[in-house]
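Chain residues, written in single-letter form:
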Amino acid sequence: MAEGKKYDVIIVGGGPAGLACGQYSARAGRKTALIEEMAPGGQAMIIDEIENYPGLEKLSGFELASKFEQQATGFGCEIVYGTVNSIKKLSDGSFSLDTTDGEYLSPVVVIATGSKHRNLEVPGEKELTGHGVSYCATCDGPFFRNKKILVCGGGDSACQESMYLRKLSDNVTVTHRRDRFRAQASIVKAMQDAGIKTKMNMTVQSINGENGKVKSVTFQDKATGEVSTEEYDGVFVFVGYIPQNQLVPDCEKDETGFIKTDSHMMTSVPGIFAIGDVRDTPFRQIVTAAADGAVAAHYASEYIDERNNNAY
Ligand code: NAP
């Protein structure tokens, strides 16, 4: 007989998806634990300003994440601080989670582990991380007040974070490897209106240091092949995210590693659900992550009822 701590639903990861799932699951009367390695909030915690969460005025990611957390715990979701090392399927179809806080047992596991930033993978990037190269504008932007800043990437993150950096410096340039941004048109327009410079159709060849700090960046123009080097004080990299899918090797993934689910958020492994940024989904927003969480909680509850009925 297994001895671990027993829950109806265990959620792994405390970003907006996980917290929303925790809220809905606990509110539905399911004994719910959410296991999180660090502070709840996930990637939302590093967003300076959120203006598109329905029903709420502009607020910081930290403020929104705190509201999510309060609401989840208010309904009885237990937040556990720890790392999940592995998830094992037991003979009755339920799961055992080996964690730094001991063993946890549940018929349902919801994977809400999100994604981690991708690196540019160019010479100098790794060595100069923390010395002028950064992946978080709100964390490190203030070190570059009134300095010359380069932002790399062409998606919503690069364009939106460049606007935060623009508040700190009037010398912000966004560079992208194509001649057109991937970001939403409204964000691109706001960025252009904010007076942010762009350097399009360029690949970053290297980030160059001097005295242990970023000194310059070398580019190659994709149209002409011309190589040029320009001085910068800070380089912010926003070139996408890598899904944190390692805990569920048996769940089906897309070609880039995002976990596939059905419309109930159930993965290819019965009883394992996936929500938010780790899921194969066409549009990643806090509101869509929260919605994933609500959907998963609802169908996880239904799945538990079906399991219990079939047991008789
Ligand atoms: P993303 O949409 O995947 O964009 C990544 C960008 O980095 C792309 O422009 C890509 O170029 C570029 N890139 C990738 N690898 C590169 C490399 N090795 N070298 C140079 N450039 C590289 O990632 P994201 O901007 O972080 O956004 C992630 C998700 O969060 C998206 O779904 C986004 O909509 C969402 N998000 C939404 C908001 C908002 O609504 N306010 C804010 C932030 C993020 P290509 O274009 O050539 O592929």
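Structure: see above.
Small disclaimer: the values here were computed from a predicted structure and weren't measured.

Here is what the cut-offs are and how they apply
- Residues numbered from 1 in each chain as written.
- Predicted model: local features only at pLDDT ≥ 70, side-chain atom pairs only at ≥ 80, totals over all residues.
- Heavy atoms only, no water.
- Helix = DSSP H or I, 4+ residues; strand = E, 2+ residues; numbered from the N terminus.
- Rg over C-alpha atoms; globule rule 2.2 N^0.38 Å.
- Buried < 20%, exposed > 50% of the residue type's maximum accessible area, 1.4 Å probe, protein only.
- Contact = heavy atoms within 4.5 Å.
- Phe/Tyr/Trp six-rings, centres within 6.5 Å; stacked < 30°, edge-to-face > 60°.
- Lys NZ or Arg CZ within 6 Å of the ring centre and 35° of its normal.
- Disulfide = S-S within 2.5 Å.
- Near = heavy atom within 4 Å.
- Polar contact = N/O pair within 3.5 Å; in protein donor to acceptor, adjacent residues only side chain to side chain.
- Areas by Shrake-Rupley, 256 points an atom, 1.4 Å probe, with all protein chains shown as cover.
- Nonpolar A, V, L, I, M, F, W, Y, C, P; charged D, E, K, R; others polar.

J.: Even after reading the chapter, I still don't get the overall build of the protein chain, so can you show me in this structure?
T.: Secondary structure summary: the protein chain contains seven helices and 19 strands in total. In terms of C-alpha radius of gyration, the protein chain reaches 22 Å, essentially the compact-globule figure of 20 Å for 312 residues. Along the first, second and third principal axes, the C-alpha atoms of the protein chain reach 70 × 40 × 35 Å. The burial tally for the protein chain puts 48% of its 312 residues in the buried class. By sequence separation, contacts in the protein chain at least 24 residues apart represent 59% of the contacts at least 6 residues apart.

J.: Any chance you could explain the packing of aromatic side chains here in plain terms?
T.: One pair of aromatic rings is described through two measures. These are the centre distance and the angle between the planes. A full pass over the atoms with the stated rule returns five aromatic pairs. Relative to phenylalanine 68, the ring of tyrosine 53 has its centre 5.8 Å away and its plane inclined at 70°; by these criteria the two rings are edge-to-face. With a gap of 15 residues between them, tyrosine 53 in the loop between strand S3 (32-36) and helix H2 (61-74) and phenylalanine 68 in helix H2 connect regions that are remote in the sequence. Residue class for tyrosine 53 comes out buried when judged on its relative accessible area of 17%. Over the ring of tyrosine 7 we find lysine 31; its NZ or CZ atom is 4.4 Å from the centre of that ring. Positioned above the aromatic ring of phenylalanine 258, the side-chain terminus of arginine 284 is 4.0 Å from the ring centre.

J.: How should the state of the cysteines be read in this particular structure?
T.: Every disulfide links exactly two cysteines, by a covalent bond between their sulfur atoms. Using the criterion set out here, one finds one disulfide in the structure. With no disulfide of its own, cysteine 159 has cysteine 152 as its nearest cysteine by sulfur position, at a separation of 12 Å. According to the relative accessible area criterion, cysteine 159 is buried, its value standing at 0%.

J.: Just checking my understanding: could you explain unusual backbone geometry for this structure?
T.: Of note, glutamate 121 is a non-glycine position whose phi angle comes to about 60°, a positive value. Since its relative accessible area comes to 64%, glutamate 121 is described here as exposed. The backbone phi angle of asparagine 146 is positive, close to 60°, even though this residue is not glycine. Mapped onto the secondary structure, asparagine 146 falls in the loop between helix H4 (137-140) and strand S11 (149-152).

J.: Even after reading the chapter, I still don't get the site of the ligand, so can you show me in this structure?
T.: The local shell around the ligand holds 20 residues, among which Asp156, Ser157, Arg178, Arg182 and Gln285 are the closest. Taking arginine 284, its main chain carries an N or O atom lying 3.5 Å from an oxygen atom of the ligand. Summarising the interface, the protein chains cover 79% of the accessible area of the ligand, which totals 920 Å² for the free molecule. Classifying every residue of the shell around the ligand by side-chain character gives five nonpolar, nine polar and six charged.

These values are about where atoms sit, not about what they do.
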